[in-house]
Amino acid sequence: MPIELSEERTRHRIARRIAKEFHDGDVVNLGIGIPTLVSDYIPEDVRIIFQTENGAIGAGPAPEVPDLRFIGAGGRPFVIMPGGCFVASDLSFGLIRGGHLDATVLGALQVSQDGDLANWMVPGKMVPGMGGAMDLVVGARRVIIATTHTTKRGEPKIVRKCTLPLTAKGVVKLIVTEFAVFSIEKGQMKLLEIAPEVTLEDIKAMTDADFTVAEPLISMQGVEEEEEEE
Amino acid sequence: MPIELSEERTRHRIARRIAKEFHDGDVVNLGIGIPTLVSDYIPEDVRIIFQTENGAIGAGPAPEVPDLRFIGAGGRPFVIMPGGCFVASDLSFGLIRGGHLDATVLGALQVSQDGDLANWMVPGKMVPGMGGAMDLVVGARRVIIATTHTTKRGEPKIVRKCTLPLTAKGVVKLIVTEFAVFSIEKGQMKLLEIAPEVTLEDIKAMTDADFTVAEPLISMQGVEEEEEEE
Amino acid sequence: MAKKVIKPVVSAAEAAKYVRPGMSIMIGGFNYGGIPYTLVEALVEAGTGDLTLISNDTAYEDVGHGKLVAKGQVKKVIASHVGLNKKTGQFFMEGKLELVLYPQGTFVECIRAAGFGLGGVLTPTGVGTVVEEGKQVIKINGQDYLLDLPLRADVAFIRAYKADRMGNLTYFGTNRNFNPIMATAADYVVAEVDSVVPIGELDPNEVVTPGILIDALVVKGDNYYANRT
Amino acid sequence: MAKKVIKPVVSAAEAAKYVRPGMSIMIGGFNYGGIPYTLVEALVEAGTGDLTLISNDTAYEDVGHGKLVAKGQVKKVIASHVGLNKKTGQFFMEGKLELVLYPQGTFVECIRAAGFGLGGVLTPTGVGTVVEEGKQVIKINGQDYLLDLPLRADVAFIRAYKADRMGNLTYFGTNRNFNPIMATAADYVVAEVDSVVPIGELDPNEVVTPGILIDALVVKGDNYYANRT
């Protein structure tokens, strides 16, 4: 792969693109890492309710003075939004498992072409635990994966079949990388958008999976805003 | 059976005797009918917390002005005691099923010598539904039955084996009638107390069950208070 | 798909239109308490029929959703106790009404299972009784448990105390009962409340039902019981 | 058997004595939030060992109950995420610590099942993953669910906001998390609170945990994190 974007640009491009997926009123849980950045790119006229699995509904931005009594799942303080509320963990996961979340955005180690997700465990390494991830991907109506297209060593992360231990089977609906956007419907992956730096051939080369190509295949949304900024 | 007490005396005798079973701090659910009367006989130095399955913890006496926003399971208004609180039905039954109630007091159609209880359904008659009874008798640490010794037609209600559909198996720990008090431990029924109007032979005649007799067999507690009053 | 952030405050008559013939409807309440009387009255007036009613009880024949039964709008009742409404028993005996009875703790837990995305409920309640009939019995650590399945509805009519425009709810007294649980287990949830307060007025620590579960709000009317509960 | 009506307000050191070597202990909290820091500190000082710790996470090695792990007081951890405490991973890798990991939603539901008298939990979470290993899979309406068993403890140390002397509790912010559920599932429950108010001061509609579940109260000390949470 000749093309390589800076880590900063990669992260923000993915977050910006995912932010376009939401509709007014959506209840969304953002995982740690790139997903956290998504909240920075929500259009002003779209009101998203951010849920954190430790019990906040309506989590807002970081406060000026940190208060550890209001923290997100990553441990970072936030301000509760007007009309927000706090619930205990059983109800929090009831909302998650019961289909009351419109979407969850999470990172991935691997995603398979039929929507299997591996994002919690690398065999041989110390296992930190799955936390709320397994519940989130099983329960949220829409699972959106935010991930670099390949590993740092250039290995495909979008694969025919996951080799790493699964978080869940057949749950992923959308994959957004710095170079492409794929949907997965009924076990069938489709390339929807492609970044300006790459060709369809490039995508094929760095994706170890079968996918169809949308017609028309459009340029990845949001990248033009990026150019404007810089 | 030559002896027959007035309905009023029967009901109050049973309630008064059961009230002696409680200890300071006990959390108790009282069923409708005779069990409701039990609260009138709790000694002043014993603080009982009355729970109602529709979500009150710390239900008190009837208010001067009825308010339907505070009602017991029988639909009757009460005053919430200081330090009381309200919970939703899932937690209310969690408390019941989870062993957080010290006792429940319920009526019976039949009780068997090994603690089976039938108190919700007479075949052929319209079934009103079991309400919370099945959960209460399975969950409370101690199930106390308040019942007349026989039916109005003189048939035994304490039997070898219930012929009516069960509410639960092997749950009853104490039976209090107007004439006797029986305990049931490890499937073995024992006569503990006997009313002054009857002999052991009378009890045997109106009880269709095997039971051992406590030594000493004492006179039913509370009956003497009754005499004093009248 | 998402519910509205700012909940519409509608009339009871309007809310009753969400209920169409043949639907299943959960209605909160226990005996007199916590019934969404104004909503129920509107549904009685609308005359919508062929309903499956999921409610702890069927109230009294002339009170609350007891009237739905008495007027013949209900084809099936799923409840824990129906003894106070004579019409429920009568119609059942006459074969005009299907009736499914649950132990009350199982009933609420089955609703919660539906709302919380669980596959069912494993309860010791009812083991060795007729309630066991037709149910899977699962032995866990030597004890038997009944497997009861989740209970879901098309619409839920619930009763709360205060709401803000984002649909957050608090409850009052024994009116709470099944209402917070039913709010989790229906496709469309309407809450009847004493009052709708501005956003930010409810303490976020005191909210019991998060607004994300609610579709619409109705302010209680001057129905006899609505006024008293 | 009954718990006291008026709860004793004890020192953290005194409460720590209820925990004896070999016991299982639930500790509330999620990351920094809602840990009963004062109670945990007292348990660290008491040095009680051989514990089974049931907690969502093991905090950080120098924070809260993370110290119990770091000091070697814990023989077994049951949790959903332990990645932030390096000692947990290290001791596990060295074979010094037994570790059982649950998906977080399953974890809390298993605790609730114990406290609510249910036989287990039927969840779709973890189906088709390593979490399935050793667990019964039950098919309900064509979908697979894992059967997870109840989780109970000898003692629970929880963190609440206000208490009255009857043990009724309210919570504040994201400190709530697992605390109200753990209050239901242990033989002996101690709540660390910001303040103890007179009976009657808490609105009965705003109480989250009924006092009948609580054995003793501890007022938070001036621990660094206790002061900040």
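Residues numbered from 1 in each chain as written. Chains lettered and ligands numbered in written order. Predicted model: local features only at pLDDT ≥ 70, side-chain atom pairs only at ≥ 80, totals over all residues. Heavy atoms only, no water.

Visitor: Requested: an account of the overall build of chain A, with residues and values cited.
Guide: For chain A, the helix and strand inventory stands at 6 helices and 13 strands. What you see for chain A is a C-alpha radius of gyration of 17 Å, in line with the 17 Å of a compact globule of 230 residues. C-alpha extents for chain A along the principal axes are approximately 50 × 45 × 30 Å. Burial status across chain A gives 60% buried among its 230 residues. Once local pairs closer than 6 in sequence are excluded, the contacts in chain A between residues at least 24 apart make up 61%. (Helix = DSSP H or I, 4+ residues; strand = E, 2+ residues; numbered from the N terminus. Rg over C-alpha atoms; globule rule 2.2 N^0.38 Å. Buried < 20%, exposed > 50% of the residue type's maximum accessible area, 1.4 Å probe, protein only. Contact = heavy atoms within 4.5 Å.)

Visitor: So, the overall build of chain C: which residues are in play, and what are the values?
Guide: The secondary structure content of chain C amounts to 7 helices and 12 strands. Whereas a compact globule of 229 residues would reach a radius of gyration of roughly 17 Å, chain C reaches 17 Å, a difference of no more than 12%. Projected onto its principal axes, the C-alpha positions of chain C cover 55 × 40 × 35 Å. Burial statistics for chain C: of 229 residues in total, 65% are counted as buried. Taking the contacts inside chain C whose residues are at least 6 apart along the sequence as the reference set, 73% of them involve residues at least 24 apart. If you sum the accessible surface of chain C, you get close to 7,500 Å²; carbon and sulfur atoms cover 49% of it. Measuring between centres, the 22 positive side-chain charges of chain C sit 3 Å from its 24 negative side-chain charges. (Areas by Shrake-Rupley, 256 points an atom, 1.4 Å probe, with all protein chains shown as cover. Lys, Arg positive; Asp, Glu negative; His and termini not counted. Charge placed at Lys NZ, Arg CZ, Asp CG, Glu CD.)

Visitor: Tell me what's going on with the sheet that holds strand 7 (residues 117–118) of chain A, and back it up with residues and numbers.
Guide: All names here are of chain A. Read across the sheet, 3 strands follow the order 7-6-9 without closing on themselves; strand pairing throughout is mixed. The sheet is open, and its two edges are formed by strand 7 and strand 9 (158–159), each paired on a single side. Pairing of strand 6 (residues 110–112) with strand 9 involves 2 bridges; the strand directions are parallel. The residue bridging Val111 from the neighbouring strand is Ile158, located in strand 9. (Pairing = 2+ DSSP bridges.)

Visitor: Could you give an account of the packing of aromatic side chains, naming the residues involved and the relevant values?
Guide: Scanning the model with the defined rule gives 22 aromatic pairs over all chains in all. Their ring planes at 55 degrees and their centres at 5.5 Å tell us that Phe70(A) and Phe172(D) sit as a pair that is tilted. Within this pair, whereas Phe70(A) is found in the loop between strand 3 (56–59) and strand 4 (80–86), its partner Phe172(D) is found in the loop between strand 9 (162–164) and helix 6 (179–182), the two belonging to separate chains. Just as Phe70(A) is buried, Phe172(D) falls in that class too. Taken together, a centroid distance of 4.2 Å and an interplanar angle of 45 degrees make the contact between Tyr18(D) and Tyr188(D) tilted. On the criterion of sequence distance, the pair formed by Tyr18(D) in the loop between helix 1 (12–16) and strand 1 (24–27) and Tyr188(D) in strand 10 (residues 186–193) is long-range, its members being 170 residues apart. Among the residues examined, Tyr18(D) registers a relative accessible area of 25% and is labelled partly exposed. Given a relative accessible area of 21%, Tyr188(D) falls into the partly exposed group. By the ring-pair criterion, three or more aromatic residues cluster together here, those being Tyr32(C), Tyr37(C), Tyr60(C), Tyr224(C) and Tyr225(C). The ring of Phe116(C) carries the charged tip of Arg112(C) above its face, separated from the ring centre by 4.0 Å. Sitting above the plane of the Tyr224(D) ring, Arg228(D) keeps its charged end 3.7 Å from the centroid. (Phe/Tyr/Trp six-rings, centres within 6.5 Å; stacked < 30°, edge-to-face > 60°. Lys NZ or Arg CZ within 6 Å of the ring centre and 35° of its normal.)

Visitor: So, the nonpolar core: which residues are in play, and what are the values?
Guide: Counting 104 residues, the largest nonpolar core has Ile158(C), Leu169(C), Ile158(D) and Leu169(D) as its most contacted members. For Ile158(D), the contacting residues outside a window of four places in its chain are Pro36(D), Leu39(D), Leu169(D), Tyr171(D), Asn179(D), Met182(D), Ala183(D), Val189(D), Val190(D), Ala191(D), Glu192(D) and Ile214(D). (Core = buried A, V, L, I, M, F, W, Y, C linked by side-chain atoms within 4.5 Å.)

Visitor: Explain the sheet that holds strand 7 (residues 117–118) of chain B to me, using residue names and the numbers behind them.
Guide: Residue and element names in this part refer to chain B. In space, the 3 strands of this open sheet follow the order 7-6-9, with mixed pairing throughout. Sheet topology places strand 7 and strand 9 (158–159) at the edges, where each strand pairs with a single neighbour. Taken together, the 2 bridges between strand 6 (residues 110–112) and strand 7 define a ladder with antiparallel strand orientation. What sits directly across from Gln110, in strand 7, is Ala118.

Visitor: Give a description of the interface of chain A and chain D that names residues and reports values.
Guide: Accessible area lost during the coming together of the parts is what is often quoted as the interface size. With 40 residues of chain A in contact, the opposing surface of chain D contributes 41 residues. Roughly 3,000 Å² is buried in total at the junction of chain A and chain D, and carbon and sulfur atoms are behind 68% of that figure. Broken down residue by residue, the surface that chain A buries against chain D is led by Leu68(A), Arg69(A) and Met126(A), which jointly contribute 22%. Between chain A and chain D we count 1 salt bridge in total. Measuring nitrogen to oxygen at the nearest pair gives 4.0 Å for the salt bridge that ties Arg97(A) to Glu109(D). (Buried area = accessible area lost by both parts, 1.4 Å probe. Salt bridge = Lys/Arg side-chain N within 4 Å of Asp/Glu carboxyl O.)

Visitor: Describe in detail unusual backbone geometry, supporting the description with residues and values.
Guide: Residue Glu215(A) is joined to Pro216(A) through a cis peptide bond whose omega torsion reads 0 degrees. With respect to the helices and strands, Pro216(A) occurs in strand 13 (residues 212–219). Its identity as a non-glycine residue notwithstanding, Asp50(D) has a phi of 65 degrees, on the positive side. Turning to its location among the elements, Asp50(D) is positioned in the loop between helix 2 (37–46) and strand 2 (51–54). Even without being a glycine, Ala59(D) presents a positive backbone phi close to 50 degrees. Tracing the backbone shows Ala59(D) in the loop between strand 2 and helix 3 (66–70). For Ala59(D), a relative accessible area of 2% puts it in the buried group.

Visitor: Lay out helix 5 (residues 104–115) of chain D with the relevant residues and their values.
Guide: Residue and element names in this part refer to chain D. The end-to-end C-alpha distance of helix 5, which contains 12 residues, comes to 17 Å, matching closely the 16 Å that a straight helix rising 1.5 Å per residue would cover. In terms of burial, helix 5 is a largely internal element, 12 of the 12 residues being buried. Looking only at helix 5, the buried set comprises Gln104, Gly105, Thr106, Phe107, Val108, Glu109, Cys110, Ile111, Arg112, Ala113, Ala114 and Gly115. (Expected span 1.5 Å × (residues − 1).)

Visitor: How would you sum up the interface of chain D and chain B? Please name residues and give values.
Guide: With 23 residues of chain D at the interface, the matching set in chain B holds 23 residues. Carbon and sulfur atoms supply 66% of the area that chain D and chain B bury against each other, a total of about 1,900 Å² over both sides. Counting across the interface, chain D meets chain B through 1 salt bridge. We note a salt bridge from Arg112(D) to Asp90(B), for which the minimum N-O separation is 3.5 Å. Along the contact surface separating chain D from chain B lie 6 residue pairs in polar contact (both at pLDDT 80 or more). Residue composition of the side of chain D that touches chain B, grouped by class: 14 nonpolar, 6 polar and 3 charged. (Polar contact = N/O pair within 3.5 Å; in protein donor to acceptor, adjacent residues only side chain to side chain. Nonpolar A, V, L, I, M, F, W, Y, C, P; charged D, E, K, R; others polar.)

Visitor: An account of the side chain of Asn31(D) is needed here, citing residue identities and associated values.
Guide: As for its position among the elements, Asn31(D) is in the loop between strand 1 and helix 2. If near-sequence neighbours (up to four positions away) are discounted, Asn31(D) is found in contact with Ile71(A), Ala73(A), Gly74(A), Gly75(A), Asp57(D), Tyr60(D) and Leu84(D).

Keep in mind that these numbers describe shape and distance, not what the molecule does.
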